[in-house]
Amino acid sequence: MTWWHFDLTTPGLRDWIDSQVDSDVAAALTAPETRPRCTAHQGGLILNLRGVNLNPGADPEDMVALRLWARTDTVITVRKRRVMTVTATKDALDTTPLDSTDDLIERLTQGLVHRIETVALELEEHVDTLEDSHLEHGHTDTSTLLDLRRTLVKLRRFLGPQREALDTLWSYHRGTPLETAFHETAQRMARTLEALDAAKERLVILGDHLLAQEAARQGRNSYILGVMAAIFLPLGFLTGLFGVNVGGMPWVENASGFAIVSIASAAIGLGLYAFFKWVRWL
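Quantities reported herein were computed from a predicted structural model and do not represent experimental measurements.

Caption draft 1: Spotlight on the overall build of the chain. A count of helices and strands for the chain gives seven helices and five strands. Radius of gyration (C-alpha) of the chain: 35 Å, far over the 19 Å computed for a compact globule of 282 residues. Across its three principal directions, the C-alpha atoms of the chain cover 115 × 40 × 30 Å. Pairs at least 24 apart in sequence give 64% of the contacts found in the chain among residues at least 6 apart.

Quick look at the structure:
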């Protein structure tokens, strides 16, 4: 079996691939952007998969693509950015040589899914920490919440189609010695996708709860301000009335006039406060 692995930016790659395969396969191998898929084609297999980006300084959700074409004795893989699973598979060839093209495909898919599972587990732990912080301390880091939701959306974009591609890959290998291995890989991908969907839903619920809390807090503040305005409205009217500079105002000449108005205002305010407490508006 021969395994050819290339960097998409290698000069002359398209010409070499055109000399080895037909135009449809060449287009699939050299496409600048890919979507996970698994398609049987003229006795071979076109397989596009995605893996988490574990390159230094990269975000895992900025997923890397692996394009693959396989026939009975030949496999061609192309990547644009380094795929850790491919590197690990190549490094392991000295101790665990390949038996067939199916063996290589199974190792690659298993490695990709294993790394996705690891990242998904870390994301679930972050969601658990965020929920615990909210439940125990009433504090939620909204920037972390938004980052997690964005990460899950990016992962979900490719892992949904990837689940379908791995299910198709398994169906193509039913009745072969590696049927169980391909089935297990497809099931692990399905479980990981379900876990990510559950984490996404938990973040949505947490976000909705935060919005409800904020709306309740704002409503409470607005309500208190409304009640305060209701208390001070008659007091404002009273002070406005006594501020009219016309003859006949009571206590103008009385030295105790200010004290009388102040005490009356305080009594009105306390009376309104007691009334609002009695009718449970406060």
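Caption draft 2: The pattern of salt bridges, seen in detail. In total, this model carries 12 salt bridges according to the counting rule given. Ionic pairing is found between Asp-18 and Arg-14, a salt bridge with its closest N-O pair at 3.0 Å. Of this pair, Asp-18 and Arg-14 both sit in helix H1 (residues 13–20), four residues apart, which is roughly one turn of the helix. You can call Arg-14 partly exposed: its relative accessible area is 38%.

Caption draft 3: The environment of Glu-214, seen in detail. Tracing the chain through its elements places Glu-214 in helix H6 (residues 179–242). When the C-alpha positions of Glu-214 and Leu-135 are compared, they lie 16 Å apart, and in sequence the two are 79 residues distant. Side chain to side chain, Glu-214 and Arg-217 meet in a polar contact 2.4 Å long.

Caption draft 4: Representation of the side chain of His-173. Among the secondary structure elements, His-173 is positioned in the loop between helix H5 (142–172) and H6. Only 3.0 Å separates the side chain of His-173 from the side chain of Asp-102, close enough to count as a polar contact. What His-173 contacts, discounting residues up to four positions off in sequence, is Asp-102, Glu-179 and Phe-182.

Caption draft 5: Structural detail: the sheet that holds strand S3 (residues 44–51). With mixed pairing, the five strands of this open sheet are ordered in space as S1-S5-S4-S3-S2. Edge positions in the open sheet fall to strand S1 (2–7) and strand S2 (37–41), since each of these has one partner strand only. Put simply, the sheet's adjacent strands are angled 15 degrees from each other on average, direction ignored. The pairing of S2 with S3 spans five bridges and is antiparallel. The partner of Arg-37 across the bridge, within S3, is Asn-48. Against the sheet, helix H2 (residues 23–30) contacts S2, S3, strand S4 (64–70) and strand S5 (74–79), and its axis sits at roughly 155 degrees relative to S4. Sitting on the sheet, H5 touches S2 and S3, and the angle it makes with S3 is about 145 degrees.

Caption draft 6: Region of the structure containing a nonpolar patch on the surface. Together, Tyr-223, Ile-224, Met-228, Phe-232, Phe-275, Trp-278 and Trp-281 make up an exposed nonpolar region whose accessible area comes to about 780 Å². Counting residues per element, the nonpolar patch draws most heavily on H6, which supplies four residues. Relative to the helices and strands, Phe-275 is located in helix H7 (residues 257–278).

Caption draft 7: Main features of helix H3 (residues 84–91). Listing the buried residues of H3 in full gives Thr-85, Val-86 and Thr-89. Along the axis of H3, the buried residues cluster in a sector spanning 100 degrees; they form a single face. Against S1, S4 and helix H4 (101–137) lie the buried residues of H3.

Caption draft 8: View of the packing of H6 against H7. In contact at an axis separation of 10 Å, H6 and H7 are set at 160 degrees when each is read in the N-to-C sense. Considering the angle they form, H6 stands roughly antiparallel to H7. Both H6 and H7 take part in a crossing whose hand is right-handed. For the pair H6 and H7, contact is made by Val-227, Ala-230, Ile-231, Pro-234, Leu-235, Leu-238 and Phe-242 and by Val-261, Ser-265, Ile-268, Gly-269, Leu-272, Tyr-273 and Phe-276, respectively. Looking at side-chain class alone, the contact of H6 with H7 contains 12 nonpolar, two polar and no charged residues.

About the criteria used
- Residues numbered from 1 in each chain as written.
- Predicted model: local features only at pLDDT ≥ 70, side-chain atom pairs only at ≥ 80, totals over all residues.
- Heavy atoms only, no water.
- Helix = DSSP H or I, 4+ residues; strand = E, 2+ residues; numbered from the N terminus.
- Rg over C-alpha atoms; globule rule 2.2 N^0.38 Å.
- Contact = heavy atoms within 4.5 Å.
- Salt bridge = Lys/Arg side-chain N within 4 Å of Asp/Glu carboxyl O.
- Buried < 20%, exposed > 50% of the residue type's maximum accessible area, 1.4 Å probe, protein only.
- Polar contact = N/O pair within 3.5 Å; in protein donor to acceptor, adjacent residues only side chain to side chain.
- Pairing = 2+ DSSP bridges.
- Axes fitted to C-alpha atoms, helices over the stretch in contact; angles between N-to-C directions.
- Patch = residues over 30% accessible without salt bridge, like charges linked within 9 Å, V, L, I, M, F, W, Y side chains within 5 Å.
- Areas by Shrake-Rupley, 256 points an atom, 1.4 Å probe, with all protein chains shown as cover.
- Arc of directions from axis to C-beta.
- Parallel < 35°, antiparallel > 145°, perpendicular 65-115°, else oblique.
- Left-handed = near helix turned anticlockwise from the far one by under 90°.
- Nonpolar A, V, L, I, M, F, W, Y, C, P; charged D, E, K, R; others polar.

By themselves these figures say nothing about function.
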